[in-house]
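# Close look at the chain arrangement
Next come the chains, spelled out residue by residue.
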Amino acid sequence: MSETRNREALLERLMATVPYLAFMGFEFEAEGDFLNAKMPYRSELIGNPSVPALHGGTIAAFLEVTAFMTLGWSRIWMGDGGRSAEGEVWPSIPKTIDLTIDYMRSGKPQDTFAKARITRAGRRFATVHATAWQGEPDRPIADAMCHFLMPRRDG
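Residues numbered from 1 in each chain as written. Predicted model: local features only at pLDDT ≥ 70, side-chain atom pairs only at ≥ 80, totals over all residues. Heavy atoms only, no water.

A tally of helices and strands in the protein chain yields three helices and 10 strands. Along the protein chain, helices and strands appear, N-terminal first, in the series α-α-β-β-β-β-α-β-β-β-β-β-β. Of all intrachain contacts in the protein chain linking residues separated by at least 6 positions in sequence, the fraction that spans at least 24 positions is 61%. Of the roughly 8800 Å² of accessible surface on the protein chain, 51% is carried by carbon and sulfur atoms. (Helix = DSSP H or I, 4+ residues; strand = E, 2+ residues; numbered from the N terminus. Contact = heavy atoms within 4.5 Å. Areas by Shrake-Rupley, 256 points an atom, 1.4 Å probe, with all protein chains shown as cover.)

Cis rather than trans, the peptide bond between V51 and P52 has omega equal to -25 degrees. Within the secondary structure, P52 is located in the loop between β3 (46–48) and β4 (53–54).

Turning our eyes to something else, we now look at the pairing of strand β9 (residues 125–133). Among the nine residues in β9, eight count as buried, and that is most of the element. Joining the antiparallel neighbours strand β8 (residues 112–121) and β9 is a turn of three residues. The loop that links β9 with its antiparallel partner strand β10 (residues 140–149) comprises six residues; one of these, G135, has a positive phi angle of about 85 degrees. (Buried < 20%, exposed > 50% of the residue type's maximum accessible area, 1.4 Å probe, protein only. Pairing = 2+ DSSP bridges.)

Right, let's talk about the packing of aromatic side chains for a bit. Applying the stated criterion to the full structure yields five aromatic pairs. For the pair F68 and F148, a centre-to-centre distance of 6.4 Å together with 55 degrees between the ring planes defines the contact as tilted. Within this pair, whereas F68 is found in helix α3 (residues 56–77), its partner F148 is found in strand β10, the two being separated by 80 residues in sequence. The buried category is assigned to F68, whose relative accessible area is 14%. Assessed through its relative accessible area of 0%, F148 is described here as buried. (Phe/Tyr/Trp six-rings, centres within 6.5 Å; stacked < 30°, edge-to-face > 60°.)

Rendered as structure tokens:
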């Protein structure tokens with residue numbers, strides 16, 4: 001299997017472990033070692049129809065999931081997870097400890113994008129910073145700092 005097809009198959013499998021992604025319509029695409037996230041606009045995501053603006057909880061959920069997926073992706077793609085019966089790398093799921101969101105501007109009724117970067121990944125804890133934007137990546141609508149409890153490694 002080519003590296004690209006292998007990467008796509010692993011990402012599909014990771015996404016399938018989080019049913020909330022399909023429910024919310026969040027999309028992820030692997031670009032080398034990194035993930036690009038997209039929250040396609042739907043009218044149900046509007047929290048304030050008079051502005052109109054995306055609901056803050058939707059933006060927070062998108063950033064948390066982007067951070068979570070980035071952490072999971074790094075463990076799969078960099079080979080830092082457990083191994084399945086087929087011998088492929090597969091991580092256990094980290095748990096969210098804390099999430100801080102900084103909202104910079106209203107989310108408009110349009111597609112939203114995000115990327116995350118792991119700032120610390122230890123044996124017990126991980127810290128991931130995620131940013132969401134619409135249009136221009138250098139004009140974020142929100143930032144998140146997420147802390148995760150890493151799963152225990154037995155054996």
